[in-house]
Amino acid sequence: MTKFGTRHGSAMVAGLLLASCAAVPPHTTQYPADQPTALPAETIAIAVGPCFGFCPVYDLRIDPDGSVTFEGQRHTTVLGERRRAAGPESYKSLAADLAPYRPETGSTATIDCQSAISDTATYTITWTDPRGVKTIAQHRRGCSGGPGQALDSLLDGVPGRLGVAEWARQITRPGSSRG
């Protein structure tokens, strides 16, 4: 082989090696063409924020296997973390009911409300997929109409559905401040 041919051959091999090391954008999963692209289910977390009064403040999470984690922060009968099993059917049912409020994957959106009371609790619903991508819906309780009103009703029933209603129940402790 000539000196010229060896140089071009080396350059071609180097170019092919570099091309095979091309970066894949973060949060991108490549699947073979004959494989389904469905990912395992997401974890669903609901954070209930403070209001002007003595509203319960807590975080609630359900995993696809139905494991529930509750963390009471203020004005709940249980403070701190507790766990229980609600079962995979509870997860599937809640995921289906929350699906109409889920924004596009990886985005954050506020649920529409015709008019809301400004000093009510806030809700942050976070879907986290197995890759760690978060999709967030924010909502202020007390909607008088629109999608937010139906979401209020749905969120009111979540503690009971997941078996944590007694833990999340509102309680006022001596010396506890509002909000």
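Look above for the structure.
Rules of the game
Residues numbered from 1 in each chain as written. Predicted model: local features only at pLDDT ≥ 70, side-chain atom pairs only at ≥ 80, totals over all residues. Heavy atoms only, no water. Helix = DSSP H or I, 4+ residues; strand = E, 2+ residues; numbered from the N terminus. Buried < 20%, exposed > 50% of the residue type's maximum accessible area, 1.4 Å probe, protein only. Contact = heavy atoms within 4.5 Å. Areas by Shrake-Rupley, 256 points an atom, 1.4 Å probe, with all protein chains shown as cover. Axes fitted to C-alpha atoms, helices over the stretch in contact; angles between N-to-C directions. Parallel < 35°, antiparallel > 145°, perpendicular 65-115°, else oblique. Nonpolar A, V, L, I, M, F, W, Y, C, P; charged D, E, K, R; others polar. Pairing = 2+ DSSP bridges. Expected span 1.5 Å × (residues − 1). Disulfide = S-S within 2.5 Å. Phe/Tyr/Trp six-rings, centres within 6.5 Å; stacked < 30°, edge-to-face > 60°.

Undergrad: Please clarify how the overall build of the protein chain should be interpreted in this entry.
TA: Within the protein chain one finds 4 helices and 7 strands. By the burial criterion, 31% of the 179 residues in the protein chain qualify as buried. A separation of at least 24 residues holds for 59% of the contacts in the protein chain among residues at least 6 apart in sequence. Within the structure as shown, the protein chain displays about 10,600 Å² of accessible surface, and the carbon and sulfur contribution to it stands at 57%.

Undergrad: Would you explain the side chain of aspartate 152 in this entry?
TA: Along the chain, aspartate 152 falls in helix α3 (residues 147-161). Its relative accessible area of 7% is what places aspartate 152 among the buried residues. For aspartate 152, the contacting residues outside a window of four places in its chain are His139, Arg140, Arg141, Gly142 and Cys143.

Undergrad: Please explain the packing of helix α2 (residues 88-98) against α3 as it appears in this structure.
TA: The axes of two packed helices give the description: the angle between them and the distance between them. Remark: α2 packs on α3, axes separated minimally by 11 Å, with the N-to-C direction vectors making an angle of 170°. The angle between α2 and α3 places the two elements in the roughly antiparallel class. Counting all contacts with α2, which are made through Ser90, Ser93, Leu94, Asp97 and Leu98, the residues of α3 involved are Leu151, Leu154, Val158 and Arg161. Among the residues forming the contact of α2 with α3, the class breakdown is 5 nonpolar, 2 polar and 2 charged.

Undergrad: How should I be thinking about the sheet that holds strand β6 (residues 122-128) in this particular structure?
TA: Within a sheet, each strand pairs with its neighbour through backbone hydrogen bonds, oriented either parallel or antiparallel. An order of β4-β3-β2-β1-β6-β7-β5 is seen for the 7 strands of this open sheet, with the pairing classed as mixed. This sheet does not close on itself; its edge strands, each paired only once, are β4 (80-85) and β5 (108-110). Neighbouring strand axes in the sheet, compared pairwise and without regard to direction, differ in orientation by 15° on average. Note that strand β1 (residues 43-48) and strand β2 (residues 57-62) share 5 bridges and pair antiparallel. In the strand pairing of β2, alanine 47 is matched with aspartate 59. Those strands touched by α2 are β1, β2 and β6, and its axis lies near 70° from that of β1. Packing of α3 onto the sheet brings it into contact with β1, β2, β6 and β7 (134-140), and relative to β7 it is tilted by some 105°.

Undergrad: What is the right way to read α3 from this model?
TA: Residues lying three or four places apart along an α-helix face the same way, a consequence of the helix completing one turn every 3.6 residues. With 15 residues, α3 should reach 21 Å at 1.5 Å per residue; the first-to-last C-alpha distance of 21 Å fits that figure. Those residues of α3 not exposed but buried are Gly148, Leu151, Asp152, Leu154, Leu155, Val158 and Pro159. Those residues of α3 that are buried are in contact with β1, β2, α2, β6, β7 and α4 (165-168). Immediately downstream of α3, the backbone of glycine 163 shows phi near 75°, a positive value.

Undergrad: Sorry if this is basic, but what is going on with the state of the cysteines here?
TA: In a disulfide, the sulfur atoms of two cysteines are covalently bonded to one another. With the rule as written, the count across this model stands at 2 disulfides. Across the disulfide, cysteine 51 is cross-linked to cysteine 55 (sulfur-sulfur distance 2.0 Å). Looking along the S-S bond of the cysteine 51-cysteine 55 disulfide, the torsion reads about 100°, which is the right-handed sense. Under the relative-accessibility criterion, cysteine 51 is labelled buried at 11%. Residue classification places cysteine 55 among the partly exposed positions, given a relative accessible area of 25%. Disulfide partners in the protein chain, listed by the sequence order of the bonded cysteines, are 1-2, 3-4.

Undergrad: Got a minute to help me understand the packing of aromatic side chains in this structure?
TA: Geometry of an aromatic ring pair is reported as the spacing of the ring centres plus the angle between the planes. According to the stated counting rule, one finds 2 aromatic pairs in the structure shown. Here tyrosine 58 and phenylalanine 70 contribute two aromatic rings whose centre-to-centre distance is 5.3 Å and whose plane-to-plane angle is 35°, an arrangement assigned as tilted. Of this pair, tyrosine 58 sits in strand β2 while phenylalanine 70 sits in strand β3 (residues 67-74), and the two are 12 residues apart along the sequence. The exposure class of tyrosine 58 is buried, given its relative accessible area of 7%. Looking at phenylalanine 70, the relative accessible area reads 0%, which means it is buried. Measuring from ring centre to ring centre gives 5.8 Å for phenylalanine 70 and tryptophan 167, while their planes differ by 50°; the resulting arrangement is tilted. Of this pair, phenylalanine 70 sits in strand β3 while tryptophan 167 sits in helix α4, and the two are 97 residues apart along the sequence. Here tryptophan 167 falls in the buried class, since its relative accessible area comes to 17%. Within the aromatic cluster, the residues linked to one another by ring pairs are Tyr58, Phe70 and Trp167.

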